[in-house]
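Analysis of the macromolecular model
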Amino acid sequence: MTKLNHRRNTESRRADELTGKVAVVTGAAQGIGAGCAKKLAARGCDILLADIKAGGLERQVAALGRAFPDRRIESYPLDVRQQRDCFDMAEHAQSKFGSIDIMVNSAGIISPRASMDVTQDDWENLLSINLNGVFYCCQAAARLMRATGGVIINLSSIASKAAWPGRVSYATAKAGITAITESLAVEWAPLGIRVNAVAPAWVNTEILRQAVEQGVVAVDNLNRAIPLGRVAEVDDVCDAIVFLVSDAARYITGQVIYVDGGYLAGAPHASIRASRSS
């Protein structure tokens, strides 16, 4: 085989290597979760989209169905705070598709508040969604994957390593995701289950746009703080996820991949606020 033919054959395999795989994506009603579901469907996956937001979830399912009529696209209303609901979701995926090959845990919220004002309900709700929910979904997927192997991706954040005022519960949850990812990667490696995390910086989603409108952050300040000069697009994050679930990343597990445009390496001290008083 010539080098050129070998390259073409390799590229062809990579283009369709996810065909027939079953992917479950939580937080799929919008943002990164929705973008990831679309990317995985484009690469050949059948998809179960899960989210607590029923309206947004059904819109995404309808859009994917139109874009990829040859894929099996299903939805599942999921409250990740409830372990039993997460287990039921995995069992539903198995009944519909026969397996789970890829699990992407994207469900999460952000609720900025001065630390002295955080109530017990605030604290427990955010950690229940952003931390407990990740673990429960990992458990649920792994119970099916232990027979044949699989890949789990957890959505973290640069907030796990960089601190800003008013983010203590969010940062705590994201730091916990690192521990979950590393621990499960080691424990489940003998089962053929890889576990990694993707940690974005600021991403151009509705959450960021609302923060800009509220004067919490200024895009110009963000762009100056990021060495690559811009905030991330959803595709930037989703492309990293697609890589990690592919065979090209077959020897990568227990890692947190920072998709931050060089922020943590370059200028984490730079101001992101719209003004000193905001």
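Each remark here, short or long, concerns the structure printed above.
Attention in this report is confined to the structure presented alongside it. (Residues numbered from 1 in each chain as written. Predicted model: local features only at pLDDT ≥ 70, side-chain atom pairs only at ≥ 80, totals over all residues. Heavy atoms only, no water.)

**Let's talk about the overall build of the protein**
The number of helices and strands found in the protein is ten helices and seven strands. Classification of the 278 residues of the protein by burial places 49% in the buried group. Sequence separation of at least 24 residues holds for 75% of the intrachain contacts in the protein that already meet a minimum separation of 6. On the protein, roughly 13700 Å² of surface is accessible, and the fraction owed to carbon and sulfur atoms is 50%. (Helix = DSSP H or I, 4+ residues; strand = E, 2+ residues; numbered from the N terminus. Buried < 20%, exposed > 50% of the residue type's maximum accessible area, 1.4 Å probe, protein only. Contact = heavy atoms within 4.5 Å. Areas by Shrake-Rupley, 256 points an atom, 1.4 Å probe, with all protein chains shown as cover.)

**What to know about the sheet that holds strand β5 (residues 150-155)**
Pairing is parallel across the open sheet formed by seven strands, whose spatial order is β3-β2-β1-β4-β5-β6-β7. Two strands in the sheet have a free side with no partner beyond their single neighbour: β3 (73-77) and β7 (256-259). Sheet twist, expressed as the mean angle between neighbouring strand axes with direction ignored, is 15°. Inspection of the sheet shows β5 paired to strand β6 (residues 193-200) by six bridges, in the parallel sense. Bridged to I153 within β6 is N196. Those strands touched by helix α6 (residues 168-188) are β5, β6 and β7, and its axis lies near 160° from that of β6. Strands β4 (102-105), β5, β6 and β7 of the sheet are contacted by helix α9 (residues 234-245), whose axis makes an angle of about 165° with β6. (Pairing = 2+ DSSP bridges. Axes fitted to C-alpha atoms, helices over the stretch in contact; angles between N-to-C directions.)

**What to know about the packing of helix α5 (residues 120-145) against α6**
Packing of α5 against α6 brings their axes to within 9 Å, and their N-to-C directions diverge by 15°. When the axes of α5 and α6 are compared, the pair comes out roughly parallel. Read as a crossing pair, α5 and α6 show a hand that is right-handed. Residues W123, L126, L127, N130, L131, V134, F135, C138, Q139 and A142 of α5 pack against V168, S169, Y170, T172, A173, K174, G176, I177, I180, L184 and W188 of α6. Of the residues that constitute the contact of α5 with α6, the class distribution is 15 nonpolar, five polar and one charged. (Parallel < 35°, antiparallel > 145°, perpendicular 65-115°, else oblique. Left-handed = near helix turned anticlockwise from the far one by under 90°. Nonpolar A, V, L, I, M, F, W, Y, C, P; charged D, E, K, R; others polar.)

**Describing the pattern of salt bridges**
On inspection of all chains with the given rule, the structure shows nine salt bridges. As a salt-bridge pair, D79 and R81 come within 2.9 Å of each other at their nearest N and O atoms. Assessed through its relative accessible area of 17%, D79 is described here as buried. Judged by its relative accessible area of 32%, R81 is partly exposed. As a salt-bridge pair, E91 and R84 come within 3.1 Å of each other at their nearest N and O atoms. Taking relative accessible area as the criterion, R84 reaches 46% and is therefore assigned partly exposed. Salt bridges linked by common partners bring R84, D88 and E91 together as one network. (Salt bridge = Lys/Arg side-chain N within 4 Å of Asp/Glu carboxyl O.)

**Quick word on the packing of aromatic side chains**
The full count for this structure, using the stated rule, is four aromatic pairs. Residues W164 and Y263 carry aromatic rings whose centres are separated by 6.3 Å and whose planes lie at 40° to one another, so their mutual orientation is tilted. Taken together, the positions of W164 in the loop between β5 and α6 and Y263 in helix α10 (residues 263-266) put the pair 99 residues apart, joining distant regions of the chain. Joined through ring pairs, the aromatic side chains of W164, W202 and Y263 make up one cluster. (Phe/Tyr/Trp six-rings, centres within 6.5 Å; stacked < 30°, edge-to-face > 60°.)

**Observations concerning the side chain of S160**
Of note, S160 is situated in the loop between β5 and α6. Looking at S160, the relative accessible area reads 18%, which means it is buried. Of the polar contacts made by the side chain of S160, one reaches the backbone oxygen of S157; its length is 2.8 Å. Discounting chain neighbours no more than four positions away, the residues touching S160 are A171, K174, A175, T178 and Y258. (Polar contact = N/O pair within 3.5 Å; in protein donor to acceptor, adjacent residues only side chain to side chain.)

**What about the nonpolar core?**
Within the largest apolar cluster, 56 residues are counted, with the highest numbers of intra-cluster contacts made by L78, M89, M103, I152, W188, W202 and Y263. Those elements giving two or more residues to this core turn out to be β1 (22-26), β2 (46-51), α4 (83-97), α5, α6, β6, α7 (206-213) and α8 (219-225). It is α5 that provides the largest number of residues to this core, a total of 13 residues. With sequence-adjacent residues up to four places away left out, M103 is seen in contact with V24, T26, M89, C137, A141, M145, V151, I152 and I153. Formed by 36 residues, the second largest nonpolar core is a distinct cluster that contains A41, F68, V151 and V245. (Core = buried A, V, L, I, M, F, W, Y, C linked by side-chain atoms within 4.5 Å.)

**Looking at the pairing of β3**
Bridge count for β2 against β3 is five bridges, and the pairing is parallel. Residue D51 lies in a different strand from β3, and its bridge partner there is P77. Each parallel crossover has a hand, and the one from β2 via helix α3 (residues 54-67) to β3 is right-handed. (Right-handed = clockwise from strand over helix to strand, strands pointing away.)

**Let's talk about α4**
An ideal rise of 1.5 Å per residue puts 21 Å on 15 residues; α4 measures up with 21 Å between its terminal C-alpha atoms. Among the residues making up α4, those that are buried are C86, F87, M89, A90, A93 and F97. Summarising the axial view, the buried residues of α4 lie within an arc of 155°, below the 170-degree limit, and thus occupy one face. As for α4, its buried residues are in contact with β1, β2, β3, β4 and α5. (Expected span 1.5 Å × (residues − 1). Arc of directions from axis to C-beta.)

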